[in-house]
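# Observations on chain architecture
The primary structure of each chain is shown beneath.
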2 protein chains.
Amino acid sequence: MYRVIMDAFGGDNAPAAVVEGAVKALSRFDDVSIILCGMENTIREELGKHQYDTSRISILHAEEVIDCHDSPTLAIKRKKNSSLVKALEAVAAKEADAIVSAGSTGALLTGATLIVRRIKGIKRPALASLLPTRTGGWLMLIDCGANADCKPQYLQQFAVMASAYMQGVMGIKSPRVGLLNNGAEAEKGNELTKAVYPLLEEAPINFAGNCEAREILSGDYDVLVCDGFSGNVVLKYTEGLSATILAMLKDELIADTKSKIGALLAKPAFRRMKKKMDYTEVGGAPLLGINGCVIKAHGSSDAKAFSSAVMQARQFLAADINGTIAPAIEALPDLKD
Amino acid sequence: MYRVIMDAFGGDNAPAAVVEGAVKALSRFDDVSIILCGMENTIREELGKHQYDTSRISILHAEEVIDCHDSPTLAIKRKKNSSLVKALEAVAAKEADAIVSAGSTGALLTGATLIVRRIKGIKRPALASLLPTRTGGWLMLIDCGANADCKPQYLQQFAVMASAYMQGVMGIKSPRVGLLNNGAEAEKGNELTKAVYPLLEEAPINFAGNCEAREILSGDYDVLVCDGFSGNVVLKYTEGLSATILAMLKDELIADTKSKIGALLAKPAFRRMKKKMDYTEVGGAPLLGINGCVIKAHGSSDAKAFSSAVMQARQFLAADINGTIAPAIEALPDLKD
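The following paragraphs examine the structure supplied in this document.

The rules behind each value
Counting restarts for each chain: residues are numbered from 1 in the order of the written sequence. Here every chain gets a letter starting at A, and every ligand a number starting at 1, in the order they are written. Reporting in this predicted model follows two pLDDT cut-offs: at least 70 for local features of residues, and 80 or more for side-chain atom pairs to be given and counted; totals over whole chains, interfaces and linings ignore these cut-offs and use all residues. Each side-chain value is worked out from all heavy atoms of the structure, with water and hydrogens disregarded. Partly exposed residues are those whose accessible area sits between 20% and 50% of the maximum for their type, while under 20% is buried and over 50% is exposed, using a 1.4 Å probe and protein chains only. Helix numbers and strand numbers start at the N terminus; a helix is a DSSP run of H or I with at least 4 residues, a strand a run of E with at least 2. By this definition, two strands are paired if DSSP reports at least two bridges between them. Look down the strands so they point away from you; if going from the first strand over the helix to the second traces a clockwise path, that crossover is right-handed. The superposition of copies rests on a least-squares fit of C-alpha positions from residues with pLDDT of 70 or more in both. Take the buried residues of types Ala, Val, Leu, Ile, Met, Phe, Trp, Tyr and Cys, join any two whose side-chain atoms come within 4.5 Å, and each joined set is a nonpolar core. Any two residues whose heavy atoms approach within 4.5 Å at even a single point are treated as in contact. Cavity and pocket criteria rest on a 1 Å grid covering protein atoms alone: a 1.4 Å probe that fits but cannot get out defines a cavity, protein on both sides within 12 Å along at least 5 of 7 lines defines an open pocket, and an atom within 4 Å of a point defines a lining residue. Grid points are joined across faces, edges and corners, and a volume is the space filled by probe spheres set on the points. When residue character is reported, Ala, Val, Leu, Ile, Met, Phe, Trp, Tyr, Cys and Pro are called nonpolar, Asp, Glu, Lys and Arg charged, and the others, Gly included, polar. Buried area counts how much accessible surface, traced with a 1.4 Å probe, disappears from two parts once they are put together, with both parts' losses summed. We define a salt bridge as a contact between a side-chain nitrogen of Lys or Arg and a carboxyl oxygen of Asp or Glu at a distance within 4 Å. Whenever two N or O atoms come within 3.5 Å, that pair is a polar contact, provided that in protein one can donate a hydrogen and the other can accept it, and provided that, for residues adjacent in sequence, both atoms are side-chain atoms. Only the six-membered ring of Trp is used, alongside the rings of Phe and Tyr, when aromatic pairs are assigned; centres must lie within 6.5 Å, and planes under 30 degrees apart are stacked while those over 60 apart are edge-to-face, with the rest tilted. A helix is expected to span 1.5 Å multiplied by its residue count minus one.

## Some details on the pairing of strand E2 (residues 32-38) of chain B
Residue and element names in this part refer to chain B. Among the seven residues in E2, seven count as buried, and that is most of the element. Burial along E2 is two-sided: Val 32, Ile 34, Leu 36 and Gly 38 facing one way and Ser 33, Ile 35 and Cys 37 facing the other are all buried. Examined bridge by bridge, strand E1 (residues 2-7) and E2 share six bridges and lie parallel to one another. Looking at the pairing, Val 4 lines up with Ile 34 of E2. Note on the crossover from E1 through helix H1 (residues 16-28) to E2: the handedness is right-handed.

Here it is, written out as structure tokens:
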């Protein structure tokens, strides 16, 4: 049985969507049990709205909630009775195998590092997001925001971790790893990427060279490695630019009658397009490098997204991703900075 | 008369598109004269295909061509008889006021810096691109690739230069300057952006705070300041992601008959959309900080794009952008690194 603890009070739609997502996950998988962490009364009330296998859901009571306005470090240190801290403590104490939270990203990062701790040898845990590619697959973008300033070795470790994930969870035999860069040629780059390039050549991964931003979603890469500042730009711009383009197109589609009718007829195509870009199918963003399975669900996750995040945690555990990462990291030379 | 020299042998469609663009520009503006730089015979041949005011076009013969495979620095130093070097020398010698080139970006950057030289006090010239925003305006992205590694003061200078441009050329009274960052709050960022923030507060610009990548094209900013690595990511991803989304949508639009008919009817909307995103309307990317007007035209520029680039050079000169930049830079404290 894979034991997943869910921060019932993290995210825009908490706790209703978390509880509904938990119930959905139980009906999808026989080998999962869920602990809902947060205010017991409220959780019980939400649970009362659903039918589920009571033997596989339990509650871990927590009085407090960490919200996005809290400073991450202070919140983790001071809000000892928050749903997030208690859930992370359960993972650290091996009372749960995985945590799913849609709460403050900063608090989850800080909390996971301080409470669950890093895998031995890992310099910095990294947040990894999955983006849909042009060819119908998924690209793992790592780091997409945990580390704004990176040293070369961090990116080498990111590549190893994401490769293990894409292999174990997404079933890709030999994930092609690209290095986000400002040119395709090996000698291109800024100080960081120039130093990272040879480290990726030495790493036990399938290094596919530099990836210019134009090619990010081409389908030619399964993993894209970058510092957390650039990764954050790519992640948020993917969201923002997609929305901008579709909104601009919508403006034009309602600007004349013929186009309007055309748009109505083409609705199924737009719907399929939306589904292709739907992150709720794939779960959340794993925080890789932590001594446990940590899944950051999107802040606006609905029940389906939460159940996908549980599925993702289950696959992470079933494939023993950390069991693959740990020896691979130990085998790499430590560059000491 | 504004004297614009064009590198007739730069770009995918050179020399035909350059020559046609020059002729187009002459018919659009009375106060422009053009020098076409490159192999005289070929240029004469191309000119023979058009009718134009012969008193306003001249040719500066150059034997060699710098291509994208040449190393920029070596090419500038060794290919003394190339169309690019000769054109830049003409600007340096004040025989031309502006240069338009669609050739190698690296060679243009290096050549402009070495031959035409920087405005006094400018640490690093920067390449600035214009992106269409959600609200129908334009955003100047600076630096979009000239400087992969930046010091804080560079970005302060970029902000001053781009503000001068958006004011003088695009007619925006008080351009709103955003700092590309990984969070909206003032204290967010990597080492670089944290150091840049107070410098932008002190600069004589309309600083509108941090801009998350989600908001790049929102229309809330007229200038977006960033290091050249991130800017290159944003610029190329804008191109790549737009193409990906429209291609994915196209795939879906032809996947069922109803959508196919819908797409046919909605063609005018798609056409208007394309026009909105059309860079050929706005010209090229100015290289700001050089002691002259340097316009990098898109490599795939057609005649219209070249004539827009000439228009852009004309506006740059008419508004005396460098006359605004120079004293503003001199008034800023020099941080010495």
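## Thoughts on the relation of the copies chain A and chain B
With an axial shift of 0.0 Å and an RMSD of 0.0 Å, the rotation relating chain A to chain B amounts to 180°. The transformation relating the two chain copies, once decomposed into turn and shift, fits a two-fold axis. Across chain A, the smallest distance between a C-alpha and the rotation axis is recorded for Gly 262 of chain A, namely 1.8 Å.

## Re the nonpolar core
In terms of nonpolar packing, the biggest core is built from 102 residues, with Ile 216 of chain A together with Ile 216 of chain B touching the most fellow members. Leaving out residues up to four positions away in the same chain, Ile 216 of chain A has contacts with Leu 139, Leu 180, Cys 211, Leu 224 and Val 234 of chain A together with Tyr 237 of chain B.

## Comments concerning empty space enclosed by the protein
Throughout the structure, instances matching the rule amount to two cavities of 30 Å³ or more. For the largest cavity, the calculated volume is near 50 Å³. What lines the largest cavity is Asp 7, Phe 9, Gly 10, Val 65, Ile 66, Ser 83, Leu 84, Ser 101, Gly 103, Ser 104 and Ala 107 of chain B. Within the lining of the largest cavity, the residues separate by chemical class into five nonpolar, five polar and one charged. By volume, the second largest cavity is sized at about 40 Å³. Taken together, Asp 7, Phe 9, Gly 10, Ile 66, Ser 83, Leu 84, Ser 101, Gly 103, Ser 104 and Ala 107 of chain A form the lining of the second largest cavity.

## Observations regarding the interface of chain A and chain B
Between chain A and chain B, the contact holds 55 residues from the first and 55 residues from the second. The junction of chain A with chain B conceals about 5,200 Å² of combined surface from both sides, 67% of it contributed by carbon and sulfur atoms. A per-residue breakdown of the area chain A buries against chain B is headed by Phe 229, Tyr 237 and Met 248 of chain A, which together make up 14% of the total. In this assembly, chain A and chain B are joined by ten salt bridges. Between Glu 212 of chain A and Lys 236 of chain B there is a salt bridge, with its nearest N and O atoms 2.3 Å apart. Taken together, the links from chain A to chain B amount to 18 residue pairs in polar contact (both at pLDDT 80 or more). If you list the elements that add at least two residues to the side of chain A that touches chain B, you get helix H7 (191-202), helix H8 (228-253), helix H9 (257-265) and helix H10 (267-276) of chain A. By residue number, the principal contributor to the side of chain A that touches chain B is H8 of chain A, which donates 21 residues.

## Focus: the side chain of Asn 182 of chain B
Checked against the element boundaries, Asn 182 of chain B lands in the loop between strand E7 (176-181) and helix H7 (191-202). For Asn 182 of chain B, the side chain forms a polar contact with the main-chain nitrogen of Gly 189 of chain B, separated by 3.1 Å. Apart from the residues lying within four places of it in its own chain, the contact partners of Asn 182 of chain B are Ala 148, Phe 229, Asn 232 and Lys 236 of chain A together with Lys 188, Gly 189 and Glu 212 of chain B.

## Concerning the packing of aromatic side chains
For the structure shown, the criterion picks out five aromatic pairs over all chains. A centroid spacing of 5.0 Å and a plane angle of 75° characterise the contact between Tyr 197 of chain A and Phe 207 of chain A, whose relative ring orientation is edge-to-face. Of this pair, Tyr 197 of chain A sits in helix H7 while Phe 207 of chain A is found in strand E8 (residues 206-211), placing the two residues ten residues apart along the sequence. You'll find Tyr 197 of chain A and Phe 207 of chain A in the same group, each marked buried. A ring pair is formed by Tyr 165 of chain B and Phe 316 of chain B, whose centres lie 6.2 Å apart and whose planes are at 50°; its orientation type is tilted. Residue Tyr 165 of chain B is located in helix H6 (residues 152-168), and its partner Phe 316 of chain B is located in helix H11 (residues 303-318); the two are separated by 151 residues in the primary sequence. A single burial state applies to Tyr 165 of chain B and to Phe 316 of chain B, both of which are buried.

## Points about the pairing of strand E4 (residues 98-101) of chain B
Residue and element names in this part refer to chain B. Alternating positions in E4 separate into two faces, Ala 98 and Val 100 on one and Ile 99 and Ser 101 on the other, with burial throughout. By the bridge criterion, three bridges tie E1 to E4 in an arrangement that is parallel. Among the inter-strand pairings, Met 6 is bridged to a residue of E4, identified as Val 100. Relative to strand E11 (residues 293-296), E4 runs parallel, the two being bridged by four bridges. Bridging across to E11, Ser 101 finds its partner in Lys 296.

## Overview of helix H11 (residues 303-318) of chain A
Under the 1.5 Å per step criterion, the end-to-end length of H11 of chain A is 23 Å for 16 residues, consistent within 8% with the ideal 22 Å. Every buried residue of H11 of chain A is listed here: Ala 303, Ala 305, Phe 306, Ser 307, Ser 308, Ala 309, Val 310, Met 311, Gln 312, Ala 313 and Phe 316 of chain A.

In short, the description is geometric, and any link to function would need to be established separately.
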